[in-house]
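Coordinates in review
If you want the building blocks of each chain, they are given just below.
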Amino acid sequence: MPLSTPVISRERSHVRRVTYVGFVRADGMLDIEAQIVDVKDRDNTLASGVRKAGADLHNISVRVTIDRALNVKAVETAHDENPYPGHCNLIEDAYQKLVGLNLAQHFRLHLNDHMGGVKGCTHVNEMLNWLPSAAFQTLAGEREDFDPNSAQKPFQLDRCHALDTQGEAVRKFYPKWHASAHIKSALIPAAQ
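Given the structure is predicted, the values throughout are model-derived calculations rather than measurements. (Residues numbered from 1 in each chain as written. Predicted model: local features only at pLDDT ≥ 70, side-chain atom pairs only at ≥ 80, totals over all residues. Heavy atoms only, no water.)

1. Comments concerning the overall build of the protein chain
Assigned secondary structure in the protein chain consists of 5 helices and 6 strands. Scanning the protein chain from its N terminus toward the C terminus, one meets helices and strands in the order β-β-β-β-β-β-α-α-α-α-α. The C-alpha radius of gyration computed for the protein chain amounts to 22 Å, which surpasses the reference 16 Å derived for 192 residues by more than 25%, pointing to a less compact arrangement than a globule. For the C-alpha atoms alone, the extent of the protein chain along its principal axes is close to 80 × 50 × 30 Å. Counting the 192 residues in the protein chain, one finds 32% classified as buried. A fraction of 48% describes how many contacts in the protein chain between residues 6 or more apart in sequence connect residues 24 or more apart. Accessible area of the protein chain: about 12,600 Å², with a carbon and sulfur share of 54%. Positive and negative side-chain charges in the protein chain, numbering 22 and 23 respectively, have mean positions lying 5 Å apart. (Helix = DSSP H or I, 4+ residues; strand = E, 2+ residues; numbered from the N terminus. Rg over C-alpha atoms; globule rule 2.2 N^0.38 Å. Buried < 20%, exposed > 50% of the residue type's maximum accessible area, 1.4 Å probe, protein only. Contact = heavy atoms within 4.5 Å. Areas by Shrake-Rupley, 256 points an atom, 1.4 Å probe, with all protein chains shown as cover. Lys, Arg positive; Asp, Glu negative; His and termini not counted. Charge placed at Lys NZ, Arg CZ, Asp CG, Glu CD.)

Pasting the structure below:
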């Protein structure tokens, strides 16, 4: 269901597009690429000069190569357009500090420690904050949703309101893992 129609007239001022694309490489690793593009609908006066309406204010990209265990193997950033040419892009090589981190093990915390504030680029960091989610989605396309015979609880359960193990979606799609199934099994005495 889309958003409701605004009741007060308005004029668009700014568009930000953020895109993530996951690639499976021939060597078995994954490349996750992200791009952020900001465009103003009016001329924008900056300390570095005027950006004309419709021109990219930001066009910044990052590519992170990971293995299947979500370990960061390589990082590359590119500042094709930025408000301070010759300055914003000077931080690109500093992102090598992220090599060796794991996207599933406190990555956002480590990102802030290594690249937060003046140690990094706000826009690259924004993209990297959502990179673990994009990586999980890329990997999810590479494997089955879950094995109904597995003794291991599917990773996605209890990670959002829809997949609460006490909720109706889990009762319908993952009945083995619904809370009521565990209550029943606790009440049934073990075979003697």
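That shown, we press on.
2. A short note on the side chain of D38
Locating D38 in the fold gives a position in strand β2 (residues 30-40). Residue classification places D38 among the buried positions, given a relative accessible area of 2%. Side chain to side chain, D38 and R16 meet in a polar contact 2.8 Å long. In this structure, D38 is in contact with H14, V15, R16, A55, D56, L57, H58 and H123, ignoring residues within four places of it in sequence. (Polar contact = N/O pair within 3.5 Å; in protein donor to acceptor, adjacent residues only side chain to side chain.)

3. Topic: the sheet that holds strand β6 (residues 72-81)
Taken together, 4 strands build an open sheet; the order of strands is β1-β2-β5-β6 and the sheet is antiparallel. Each edge of the open sheet carries a strand with a single partner, namely β1 (14-24) and β6. Averaged over all pairs of adjacent strands, the angle between strand axes in this sheet comes to 10 degrees, irrespective of strand direction. Sitting on the sheet, helix α2 (residues 122-129) is in contact with β1, β2, β5 (56-66) and β6, with an inclination near 45 degrees to β5. Together, β1, β2 and β5 form the strand contacts of helix α3 (residues 131-140), whose direction differs from that of β2 by roughly 130 degrees. (Pairing = 2+ DSSP bridges. Axes fitted to C-alpha atoms, helices over the stretch in contact; angles between N-to-C directions.)

4. Some points on the side chain of T165
In this fold, T165 is placed in the loop between α3 and α4 (168-173). Setting aside its immediate chain neighbours within four residues, T165 contacts K153, L157, D158, V170, W177, H178 and A179.

5. A closer look at the environment of H178
Tracing the backbone shows H178 in the loop between α4 and α5 (179-187). Judged by relative accessible area, H178 falls into the buried class, the value being 3%. Along the backbone, H178 and V124 are 54 residues apart, and their C-alpha atoms lie at a distance of 39 Å. Aside from chain neighbours lying at most four places away, what touches H178 is T165, Q166, G167, V170 and R171.

6. Some details on unusual backbone geometry
Even without glycine at this site, L70 takes up a positive phi of about 75 degrees. Within the secondary structure layout, L70 lies in the loop between β5 and β6. In this structure L70 comes out as buried when scored by relative accessible area, which is 7%. Look at H106: it is not a glycine, yet its phi comes out positive at around 60 degrees. With respect to the helices, strands and loops of the structure, H106 is situated in the loop between β6 and α1 (107-115).

7. A look at the pattern of salt bridges
A full pass over the atoms with the stated rule returns 13 salt bridges. Notably, a salt bridge pairs D27 with R25, separated by 2.5 Å at the nearest N-O pair. One network of salt bridges, with partners in common, ties together R16, D38 and E126. (Salt bridge = Lys/Arg side-chain N within 4 Å of Asp/Glu carboxyl O.)

8. Considering the pairing of β6
Note that β5 and β6 share 8 bridges and pair antiparallel. Bridge assignment links I60 to a residue of β6, and that residue is H79. Hairpin geometry of β5 and β6 is characterised by an intervening segment of 5 residues between the two adjacent antiparallel strands and by a positive phi of about 75 degrees at L70.

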